[in-house]
Amino acid sequence: MDGIFLQQLINGLTLGSVYGLIAIGYTMVYGIIGMINFAHGDVYMVSAYLTAIGLAVLTFFGLESFPFLILGTLIFTIVVTGVYGWTIERIAYKPLRNSTRLAPLISAIGMSLILQNYVQVSQGARQQGVPTLLEGVIKFHVGTGYVQLTYTKLFIIIVSLVGMGVLTYIIQNTKLGRMCRATQQDRKMASILGINTDRVISYVFVIGACMAALAGMLITMNYGTFDFYAGFIIGIKAFTAAVLGGIGSLPGAMLGGLILGVAEAQFAGLVNSDFKDVFSFSLLVLILIFRPQGLMGKPHVAKV
Amino acid sequence: MSASNSIDIKRCLIDTVLAGLISLIVFGPIVGIVLQGYSFDLHPQRLAILVGIVMAGRFCLSLFLQTAYGRKLAHSMQSKDSGVHVLPAGHKSALRFVIPVLILLAVCFPFFANKYLLSVVILGLIYVLLGLGLNIVVGLAGLLDLGFVGFYAIGAYGLGLGFEYLGLGFWAMIPLAMILAAFAGALLGFPVLRMHGDYLAIVTLGFGEIIRLVLNNWVSLTNGPNGIPIPGPTLFGLEFGRRAKEEGHIPIHEWLGVSYNPNAELIFTFVVLFIVVMAVLYVKHRLTHMPVGRAWEALREDEIACRAMGLNHVLVKLSAFMIGASIAGLAGVFFATKQGFIDPSSFTFFESALILAIIVLGGLGSTLGVVIAAFVLTVAPELLRSFAEYRVLMFGILMVLMMIWRPRGLVRISRNGYAIRKGVKP
């Protein structure tokens with residue numbers, strides 16, 4: 001095994017775990033109302049800004065120690081992004097529950113444009129950044145060179161795995177999770193059994209937004225910079241991850257994220273980094289051609 | 001009924017306060033705190049205005065929805081909009097009066113237009129073309145195509161690269177760009193159209209981005225972000241510049257023996273473009289009467305029923321997708337000719353969104369609506385330069401509001417009705 005491969009494997013796992021977190025938002029929303037939430041990538045972008053703002057404000061008030069700073073920012077980002085998710089659903093999707101099939105998709109595109117331009121106008125078009133929070137690196141010697149694993153990357157992988165674990169627990173073992181699963185399986189039947197499905201749909205949007213918030217914070221910590229356009233490309237890639245894993249399947253989204261992240265990083269490292277986005281998009285098209293149900297999804301059955 | 005007719009002010013106030021709180025949480029950090037490097041500035045005034053607007057808006061909305069008219073409106077929104085209005089058989093459209101007037105205007109226009117007006121109108125017509133193309137895909141066939149700009153880029157770069165490497169000019173590229181774009185559409189559409197419709201949206205979104213990234217990164221072929229020059233149009237080998245650029249060519253004003261007119265090239269582009277738009281309008285009109293056009297609309301309304309009736313849904317959708325793509329390729333050729341120079345920054349996702357906004361505003365499936373909307377959305381920003389910053393925001397709000405208020409667009413779509421011909425058994 002050579003060094004570049006291992007290094008890109010680490011980079012890919014870092015990136016992939018974050019893709020997985022964003023993909024959860026796509027896959028849950030798609031599973032429950034059969035709609036691609038185009039604004040989801042921009043929710044992630046908003047959360048990146050919220051992270052930077054949270055860090056700046058908390059540092060201003062004299063909070064310097066890493067655990068408190070990161071915990072405070074995390075709670076702030078997740079809560080506010082969750083409110084974003086709820087508001088977006090309330091304004092742009094809820095009134096369209098009974099509309100034509102195209103209407104929510106176009107409305108979602110509109111919402112995505114609104115979020116991008118709103119952030120651009122209020123925060124300025126320039127690139128923003130956050131300081132490096134976690135210094136330090138672990139080095140392994142491999143062959144002639146060495147591979148480095150920064151603490152930030154380690155932190156990202158651990159936190160996103162914990163986030164996915166918590167979500168899996170919520171979906172599998174709590175009342176909210178049971179309601180979500182019931183609504184996903186059969187919305188009409190669930191509402192006959194006394195589940196407020198409208199509210200469950202709102203919860204799903206909030207959960208997706210919270211996961212995007214976690215992803216936004218982690219990516220911002222890793223790259224350090226972001227701009228108002230950042231949500232677009234990451235959004236499509238996370239969707240690719242969701243499709244790869246099988247859309248509608250929660251473990252599929254996480255697995256798809258990891259696979260896509262690693263594949264993209266290997267392509268960038270071994271072939272050509274200019275075309276890594278092209279590679280991911282082509283992968284999306286290829287998956288849709290050869291295995292549209294993804295790795296862990298069920299084939300789509302049309303019902304009358 | 002009488003009890004529910006009274007207006008509940010207390011509920012309005014609760015709604016208003018809740019909306020204010022939510023908007024404070026949503027807008028607070030992003031609008032109220034502006035990042036400055038690793039530090040920040042506070043902008044409480046901006047935040048207060050925005051929250052105030054939201055609260056006032058929510059209060060008015062709450063009040064309005066409790067009036068009799070508001071309740072009726074809310075009810076009509078909840079019910080599924082059946083939408084399409086079917087005209088009686090043999091109905092003659094009002095367009096047969098509008099089109100001669102338009103042609104007359106177009107004939108007179110070049111005589112009094114200046115350079116600026118000409119280029120604005122040409123841009124408007126290019127977007128009419130794009131709107132018509134996308135309208136076949138989204139409005140008639142009900143396929144959400146978010147990478148329309150990719151086909152537009154294929155047309156424009158087809159002209160640029162075709163000239164640079166193969167020496168092809170404006171006229172040769174018009175059919176070639178259409179074929180090229182349609183071929184790309186078939187290549188992309190064929191695998192994806194077999195599946196559930198929403199996948200198409202994201203795949204085309206990815207495709208549009210792939211095209212832009214390739215144009216940007218393949219520097220040895222496309223010259224990357226620096227762009228490529230586009231040759232001026234010619235008419236039977238006559239050029240429109242003051243001096244002929246190629247050996248053996250003569251400028252048109254020398255050939256005609258008139259003095260040089262700097263607008264000649266734009267006027268020529270305008271005339272050809274206008275004829276093309278008219279031709280596309282006619283083709284689209286005929287297509288909606290043909291079996292394939294009616295199959296598009298039927299597939300949009302109920303795919304399962306159509307497949308049960310024996311329609312090949314993939315081929316029908318693919319035909320709409322390819323025709324739409326070829327019109328975008330055509331528009332790309334005109335865009336490149338008008339600009340004289342193109343680079344990948346003209347083909348971002350924003351363009352796709354703008355074209356989508358045009359057809360959403362104009363009405364999905366409506367022709368007249370799209371023509372008007374294309375001019376409104378391309379010419380209005382030229383006039384309102386000071387609002388340029390908020391342009392995308394406006395498009396976004398427009399799309400969301402239109403979908404909530406009138407998912408079928410501003411102009412009501414009507415479909416032709418057909419009667420059984422005399423002497424033919426039903």
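Residues numbered from 1 in each chain as written. Chains lettered and ligands numbered in written order. Predicted model: local features only at pLDDT ≥ 70, side-chain atom pairs only at ≥ 80, totals over all residues.

Novice: It is not clear to me how the overall build of chain B should be interpreted in this structure. Could you clarify?
Specialist: In terms of regular secondary structure, chain B is built from 18 helices and 9 strands. Residues counted as buried form 39% of the 426 residues belonging to chain B. Sequence separation of at least 24 residues holds for 75% of the intrachain contacts in chain B that already meet a minimum separation of 6. (Helix = DSSP H or I, 4+ residues; strand = E, 2+ residues; numbered from the N terminus. Buried ≥ 20, exposed ≤ 12 C-beta atoms within 10 Å, placed from the backbone. Contact = placed C-beta atoms within 7 Å.)

Novice: Help me understand the overall build of chain A in this model?
Specialist: In terms of helices and strands, chain A carries 11 helices and 4 strands. In terms of overall dimensions, chain A is globule-like: its C-alpha atoms have a radius of gyration of 19 Å, near the 19 Å expected for 304 residues. Overall, chain A is about 65 × 50 × 40 Å in size when its C-alpha atoms are taken along their principal axes. Buried residues in chain A amount to 53% of all 304 residues. Once local pairs closer than 6 in sequence are excluded, the contacts in chain A between residues at least 24 apart make up 76%. (Rg over C-alpha atoms; globule rule 2.2 N^0.38 Å.)

Novice: Would you mind showing me how to read the pairing of strand β2 (residues 137-142) of chain A here?
Specialist: Across a regular strand the side chains alternate sides, sitting on one face of the sheet and then on the other. All names here are of chain A. Little of β2 sits out of view: just 0 of its 6 residues are buried. In the sheet, β2 pairs with strand β3 (residues 145-150) via 6 bridges, with the strands oriented antiparallel. Looking at the pairing, H141 lines up with Y146 of β3. Hairpin remark: β2 followed by β3, antiparallel, with 2 residues in the connecting loop; positive phi at G143, about 60°. (Pairing = 2+ DSSP bridges.)

Novice: What's the story with the nonpolar core in this structure? I'm lost.
Specialist: Side chains of a nonpolar character, in soluble globular proteins, are inclined to be buried together. In terms of nonpolar packing, the biggest core is built from 205 residues, with I22 of chain A together with L129, Y152 and I358 of chain B touching the most fellow members. The element best represented in this core is helix α8 (residues 197-223) of chain A, accounting for 18 residues. When residues are assigned to domains, this core turns out to be shared by domain 1 (2-78) and domain 2 (99-417) of chain B, each giving three or more. (Core = buried A, V, L, I, M, F, W, Y, C linked by C-beta atoms within 7 Å. Domains from an automatic or database assignment.)

Novice: Can you help me understand the packing of helix α6 (residues 115-140) of chain B against helix α17 (residues 367-383) of chain B in this one?
Specialist: When two helices pack together, their arrangement is given by the angle between their axes and by how far apart the axes lie. Residue and element names in this part refer to chain B. Two elements in contact, α6 and α17, have axes whose closest approach is 8 Å; the angle formed by their N-to-C orientations is 140°. What the angle tells us is that α6 and α17 run oblique. Relative to α17, the crossing made by α6 is right-handed. Judged by residue contacts, V120, L123, G124, Y127, V128, G131, L132 and N135 of α6 engage V370, V371, A373, A374, F375, T378, V379 and E382 from α17. Here the contact of α6 with α17 is built from residues that sort into 11 nonpolar, 4 polar and 1 charged. (Axes fitted to C-alpha atoms, helices over the stretch in contact; angles between N-to-C directions. Parallel < 35°, antiparallel > 145°, perpendicular 65-115°, else oblique. Left-handed = near helix turned anticlockwise from the far one by under 90°. Nonpolar A, V, L, I, M, F, W, Y, C, P; charged D, E, K, R; others polar.)

Novice: Quick question: what am I supposed to make of the interface of chain A and chain B here?
Specialist: It is common to give the size of an interface as the accessible area that goes away when the parts come together. Counting residues at the interface gives 56 residues for chain A and 53 residues for chain B. Taken together, the elements giving at least two residues each to the side of chain A that touches chain B come down to α2 (40-60), α3 (66-93), α4 (102-123), α9 (230-245) and α11 (276-290) of chain A. Examining the composition of the side of chain A that touches chain B, we find that 17 residues originate from one element, α4 of chain A, more than from any other. Looking at the side of chain A that touches chain B, its residues break down into 40 nonpolar, 13 polar and 3 charged.

Novice: Would you take a moment to explain the UniProt feature "transmembrane region" (unreviewed entry) in chain A for this structure?
Specialist: Residue and element names in this part refer to chain A. As recorded in UniProt, the sites labelled "transmembrane region" (unreviewed entry) are residues 12-36, 43-62, 68-88, 154-171, 200-222 and 278-296. Annotation note: span residues 200-222, helix share 100%, strand share 0%, distance between end C-alpha atoms 33 Å. Its end C-alpha atoms 24 Å apart, residues 278-296 is made of 68% helix and 0% strand. (UniProt positions renumbered as here; feature names shortened; annotations may be inferred.)

Novice: Sorry, what's going on with the environment of L161 of chain B here?
Specialist: Residue and element names in this part refer to chain B. Here L161 shows up in helix α7 (residues 148-166). Residue L161 is classed as partly exposed on the basis of its C-beta count, with 17 C-beta atoms lying within 10 Å. When the C-alpha atoms of L161 and I230 are compared, they prove to be 8.7 Å apart, with 69 residues separating the residues in sequence.

Novice: Which parts of the structure should I look at to understand helix α13 (residues 291-301) of chain B?
Specialist: An α-helical turn contains 3.6 residues, so any two residues separated by three or four positions project in the same direction. Considered for burial, the residues of α13 of chain B that qualify are G293, A295, W296, L299 and R300 of chain B. All buried residues of α13 of chain B fall inside an arc of 160° around its axis, so they share one side. (Arc of directions from axis to C-beta.)

Novice: Hey, could you run me through the packing of helix α10 (residues 250-270) of chain A against α11 of chain A in this one?
Specialist: Residue and element names in this part refer to chain A. Two elements in contact, α10 and α11, have axes whose closest approach is 9 Å; the angle formed by their N-to-C orientations is 140°. Here α11 runs oblique to α10, going by the angle between their axes. Between α10 and α11 the crossing geometry is right-handed. Listed contacts from α11 to L260, A263, E264, F267 and A268 of α10 are K276, F279, S280 and L283. Its residues assigned to classes, the contact of α10 with α11 shows 6 nonpolar, 1 polar and 2 charged.

Novice: What's the story with the environment of C210 of chain A in this structure? I'm lost.
Specialist: Residues and elements named next belong to chain A. With respect to the helices and strands, the residue C210 is situated in helix α8. Residue C210 is classed as buried on the basis of its 24 C-beta neighbours within 10 Å. As a C-alpha pair, C210 and T81 span 129 residues in sequence and 6.2 Å in three-dimensional space. Apart from the residues within four sequence positions on either side, C210 is in contact with I78, T81 and G82.

Novice: How should the environment of G257 of chain A be read in this particular structure?
Specialist: All names here are of chain A. Inspection of the secondary structure assignment puts G257 in helix α10. Residues G257 and F239, 18 residues apart in the sequence, show an inter-C-alpha distance of 9.0 Å. Setting aside chain neighbours within four positions, we find G257 in contact with G16, S17, Y19, G20, A23 and A241.

Novice: Would you mind going over the confidence of the model for chain B with me for this structure?
Specialist: Residue and element names in this part refer to chain B. Chain-level statistics for chain B give a pLDDT mean of 79 and a share of 83% at 70 or above. Mean pLDDT across the elements of chain B bottoms out in helix α1 (residues 2-5) (49) and peaks in helix α15 (residues 313-339) (90). Interface confidence in the predicted complex, given as ipTM, is 0.81; pTM for the same model is 0.84. (pLDDT = per-residue confidence, 0-100.)

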